[in-house]
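Listed here are the chains, written in short residue letters.
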Amino acid sequence: MKNLLLLFCLPLLFCTCKQILNPSNYSSKKFHYKTLAILPFEIYTSVKNLPEGVTISMIEKAEGRKSRVMQRDLFRYITRELAKSPRKVKFQDVNHTNSVFKKNGMGRQMIFNTPKKELAKILKVDAVIFGSVYQYKNKLNLDKDEEVTFSGMNNKISAVIYAYEKRKGRIEWKYDGSQSGFPSDYGPEVVKGLLRKAARDFPL
């Protein structure tokens, strides 16, 4: 789909393998006594060539699985950080978040296309956290179950995560991190590392 076609230019986004971290410019009290929800992640995949037998829908299916995994991982990491903090910040359980979306008939694309302040109203929270992950992979393969897998070296991943408040839909916090030059089988650990850093950076 458009995500894949658009991101054949993604290599331009990765000019360095250095970890990038943008600390929050906001007070650590910004979310004091607030309730936040973490949304499913939006994932963009770029590859040099689309191999025979691999379709766009297969890639989107793989992205859909990772979207919920990243949502749950960030929730787990950020609630661990919250346990160490005296701040009274609350996070809605991701199972409840996804249940509300399901009851409202909202799939991933509808969630991504809905203004963030509207999502906060639907979820009855004060703010939502939304992340986009960009992954550049050298190779795609099909396993025996016709599932898309990645292989090769020198892969690149970048994550941009925002917190949007409900009243005006403004960005109240941002995390930006990337890493490159790793083999595909290390990709999941790279993503987890970026999410852990985002959790530590969040102003609890």
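Residues numbered from 1 in each chain as written. Predicted model: local features only at pLDDT ≥ 70, side-chain atom pairs only at ≥ 80, totals over all residues. Heavy atoms only, no water.

**Q** Hey, could you run me through the overall build of the protein chain in this one?
**A** Along the backbone of the protein chain there are six helices and eight strands. When its helices and strands are written in sequence order, the protein chain yields α-β-β-α-β-α-α-α-β-β-β-β-β-α. Burial status across the protein chain gives 48% buried among its 204 residues. Restricting to contacts in the protein chain with at least 6 residues of sequence separation, those with at least 24 account for 75%. (Helix = DSSP H or I, 4+ residues; strand = E, 2+ residues; numbered from the N terminus. Buried < 20%, exposed > 50% of the residue type's maximum accessible area, 1.4 Å probe, protein only. Contact = heavy atoms within 4.5 Å.)

**Q** What am I meant to see in the packing of aromatic side chains here?
**A** The description of two aromatic rings rests on the distance between their centres and on the angle between their planes. Tallied over the entire structure, the rule returns six aromatic pairs. Here the aromatic cluster, defined as three or more aromatic residues joined through ring pairs, consists of F31, F91, W173 and F202. The aromatic ring of F130 is capped on one face by K116, whose charged end is 4.4 Å from the ring centroid. Positioned above the aromatic ring of Y164 is the side chain of K116, whose terminal nitrogen or guanidinium carbon lies 5.6 Å from the ring centre. (Phe/Tyr/Trp six-rings, centres within 6.5 Å; stacked < 30°, edge-to-face > 60°. Lys NZ or Arg CZ within 6 Å of the ring centre and 35° of its normal.)

**Q** Even after reading the chapter, I still don't get the nonpolar core, so can you show me in this structure?
**A** As a rule of thumb, nonpolar side chains are buried together in soluble globular proteins. One finds L74, F91, I129, I161 and F202 to be the most contacted residues of the largest nonpolar core, which totals 32 residues. Contributions of two or more residues to this core are made by β1 (35-38), α2 (56-83), β4 (127-137), β7 (155-165), β8 (171-182) and α6 (187-201). When residues no more than four places from it in sequence are discounted, the contact partners of F91 are L36, I38, F75, I78, T79, L82, I129, F202 and L204. (Core = buried A, V, L, I, M, F, W, Y, C linked by side-chain atoms within 4.5 Å.)

**Q** I keep staring at the side chain of T45 and nothing clicks. Help me out?
**A** Locating T45 in the fold gives a position in strand β2 (residues 42-47). What makes T45 buried here is its relative accessible area of 0%. Here the side chain of T45 touches E63 through a polar contact of 2.7 Å, side chain to side chain. For T45, the side chain forms a polar contact with the side chain of Q135, separated by 2.8 Å. (Polar contact = N/O pair within 3.5 Å; in protein donor to acceptor, adjacent residues only side chain to side chain.)

**Q** Quick question: what am I supposed to make of the pattern of salt bridges here?
**A** Pairs can form between side chains of opposite charge once their charged atoms are near each other. In the structure shown here, the tally under the stated rule is seven salt bridges. Between D73 and R76 there is a salt bridge, with the nearest N and O atoms lying 2.8 Å from each other. Residue D73 and its partner R76 are both found in helix α2; the two are separated by three residues, about one turn of the helix. For D73, a relative accessible area of 8% gives the class buried. A relative accessible area of 33% places R76 in the partly exposed class. We note a salt bridge from E172 to R170, for which the minimum N-O separation is 3.8 Å. (Salt bridge = Lys/Arg side-chain N within 4 Å of Asp/Glu carboxyl O.)

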